[in-house]
Amino acid sequence: MIDEEVAKHLDLCLMEVVESFKLFDSTDERRKKLNIVRSLEHIGEQWVRELASDQRLTHRLSDKTGLCRLLVQGSTALGISSRSGDIDAVLLVPNFVDRDDFFSSFPSWLRKSGDISELAAVPDTFVPLIRIKVSGIQVDLVISRLATSYIPRRLDFEQTPGDLYRNMDAISVRSLSGLHLAYELKKMMLGHAHFLPMLRVIRTWVRARAIGSYVYGFPPSIAWTIMVVYICRRLGDNSQISTFCVCRRSSVCRTSEPAAERNSGKELLAPSSHGLSCLVYTFFAQFASWPWPHPVQIASIKVASDLNIFSWDPQLVISFLMFSVDLEHGRSCSNGTIYGITIGTFYC
């Protein structure tokens, strides 16, 4: 066990190390990326308006609803984008916009922008996309065609999967999955003060050890994120994982202390009061002893059986969410093969 003052000092040291790597966006860089998203959304609105006019559907357009929306996914949506990272974004369009239009007419609208230096359409992939470079920053654009003739002000991810994804094609479901996943992760970690700092620590460690390359079989960034969420949610819930705790800042940790000290009348802290250093230590202790390739699961599986889609199923192609890191079947949120992770990976 380490006392609270030592834990605070270790927390500060961890963040100093993370800052020294300069991996993550500054405030100005985040603002620049946000401006890029806004400018691309404006181009998308002009494009959708033209399509509606060509199809004589302008009567469907209303000031109360959007023509389209461009929303960020991945690390940018979680608030932890890296300086060298790209922007993953999904363009939400109404049902009168066809995916073929996205690859035929939308690129010409993009080329009108003087800030776009590169453009490549990639229609024949698991999730078709347009890859562009805007002001030196790479942007991967995917399209999700909603079942309605308008774009709501906000997507209601609290709906059942059957209601949310009904009448949407499989590619649109997959294109929307990153946005849905980011929403669920942020909801899970709402109010957890150490989630983002811990995620920065782990991603810095991954970069330093050069084990973040998805091409070589290591987990993608979302898989590391799921593992961080697992630790943040489980540490302090009286589960076996709490045996790895090294701090004295939570009631669960204090169950190993003498009864006289536990019953001294002092106020016990909530489980979320674990220090950053304790969470990081627990991360490595837990996953160094994890029974790989057993999946790491952070939420129950959601099913829309009538639509044949599942939040996670290693045997199915269509998944609108993935709350597991499954190394046996080689699937994570990106449906890719992961074979480069072993118990030894977690020994620093």
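What comes next is a walk through the structure. (Residues numbered from 1 in each chain as written. Predicted model: local features only at pLDDT ≥ 70, side-chain atom pairs only at ≥ 80, totals over all residues. Heavy atoms only, no water.)

Secondary structure summary: the chain contains eleven helices and nine strands in total. Within the span of the chain, comprising 348 residues, buried residues form 48% of the whole. Across the chain, the fraction of contacts at a sequence separation of at least 24, relative to all contacts at a separation of at least 6, is 69%. About 16,900 Å² of surface is accessible on the chain, with carbon and sulfur atoms providing 51% of the total. (Helix = DSSP H or I, 4+ residues; strand = E, 2+ residues; numbered from the N terminus. Buried < 20%, exposed > 50% of the residue type's maximum accessible area, 1.4 Å probe, protein only. Contact = heavy atoms within 4.5 Å. Areas by Shrake-Rupley, 256 points an atom, 1.4 Å probe, with all protein chains shown as cover.)

For the rest of this paragraph, the subject is the sheet that holds strand 3 (residues 116-122). Taken in spatial order, the five strands line up as 1-2-5-4-3 in an open sheet, and their pairing is mixed. At either margin of the open sheet sits one strand with a lone partner, and together these are strand 1 (69-72) and strand 3. In this sheet, neighbouring strand axes are inclined to one another by 25° on average, regardless of whether the strands run parallel or antiparallel. Bridge count for strand 3 against strand 4 (residues 129-134) is six bridges, and the pairing is antiparallel. Residue pairing across strands places Leu-119 opposite Ile-132, the latter belonging to strand 4. The strands touched by helix 7 (residues 170-188) are strand 1, strand 2 (87-93) and strand 5 (137-145); relative to strand 5, the strand with the most contacts, the crossing angle is about 125°. (Pairing = 2+ DSSP bridges. Axes fitted to C-alpha atoms, helices over the stretch in contact; angles between N-to-C directions.)

If you walk through the whole model with that rule in mind, you get twelve aromatic pairs. Ring geometry for Phe-102 versus Phe-106: centroids 5.6 Å apart, planes at 20°, classification stacked. When the ring of Tyr-230 is compared with that of Phe-287, the centres are 6.0 Å apart and the planes differ by 50°; the resulting orientation is tilted. Placement of the pair is Tyr-230 in helix 9 (residues 221-234) and Phe-287 in helix 11 (residues 276-288), with a sequence separation of 57 residues. By relative accessible area, which is 0% here, Phe-287 ends up buried. Members of the aromatic cluster, each reached through a chain of ring pairs, are Trp-205, Trp-224, Tyr-230, Phe-283, Phe-284, Phe-287 and Trp-290. When the ring centre of Trp-109 is taken as origin, the NZ or CZ atom of Lys-112, which lies over that ring, is 3.8 Å away. The residue whose ring lies beneath Arg-174 is Phe-126, and the NZ or CZ to ring-centre distance is 4.0 Å. (Phe/Tyr/Trp six-rings, centres within 6.5 Å; stacked < 30°, edge-to-face > 60°. Lys NZ or Arg CZ within 6 Å of the ring centre and 35° of its normal.)

Right, let's talk about the pairing of strand 5 for a bit. Most of strand 5 is tucked away, with seven of its nine residues classed as buried. Direction of pairing for strand 2 relative to strand 5: parallel, over a ladder of seven bridges. By the bridge assignment, Ala-89 is partnered in strand 5 with Leu-141. Counted along the chain from strand 4 to the antiparallel partner strand 5, the turn is two residues long, and its residue Ser-135 has a positive phi close to 50°.

For the pair helix 1 (residues 4-21) and helix 8 (residues 195-209), interaxial distance at closest approach is 10 Å and the crossing angle is 55°. As far as their axial angle goes, helix 8 and helix 1 are oblique. Crossing of helix 1 against helix 8: the hand is left-handed. Contact residues: Leu-14, Met-15, Val-18 and Phe-21 in helix 1; Pro-197, Arg-200, Val-201, Thr-204 and Ala-208 in helix 8. Tallied by class, residues from the contact of helix 1 with helix 8 come to seven nonpolar, one polar and one charged. (Parallel < 35°, antiparallel > 145°, perpendicular 65-115°, else oblique. Left-handed = near helix turned anticlockwise from the far one by under 90°. Nonpolar A, V, L, I, M, F, W, Y, C, P; charged D, E, K, R; others polar.)

Our focus in this paragraph is the pattern of salt bridges. Within this structure, the stated rule accounts for seven salt bridges. Salt-bridge contacts for Glu-29 lead to Arg-83; the nearest nitrogen and oxygen are separated by 3.2 Å. Of the two residues, Glu-29 is situated in helix 2 (residues 27-54) and Arg-83 in the loop between helix 3 (74-78) and strand 2; the sequence distance between them amounts to 54 residues. On the basis of relative accessible area, Glu-29 is assigned to the partly exposed category, the value being 28%. Each of Glu-158, Glu-184 and Lys-187 takes part in a single network of salt bridges with overlapping partners. (Salt bridge = Lys/Arg side-chain N within 4 Å of Asp/Glu carboxyl O.)

Take the nonpolar core next. Core analysis: the largest hydrophobic core is formed by 41 residues, its most contacted members being Met-198, Ile-202, Trp-224, Val-228, Phe-283 and Phe-287. The set of elements that each furnish at least two residues to this core consists of helix 7, helix 8, helix 9 and helix 11. At nine residues, helix 9 tops the list of elements feeding residues into this core. In contact with Met-198, not counting residues within four places along its chain, are Val-228, Ile-231, Cys-232, Leu-276, Leu-279, Val-280 and Phe-283. Counting 31 residues, the second largest nonpolar core, distinct from the first, contains Val-37, Leu-57, Val-93 and Phe-103. (Core = buried A, V, L, I, M, F, W, Y, C linked by side-chain atoms within 4.5 Å.)

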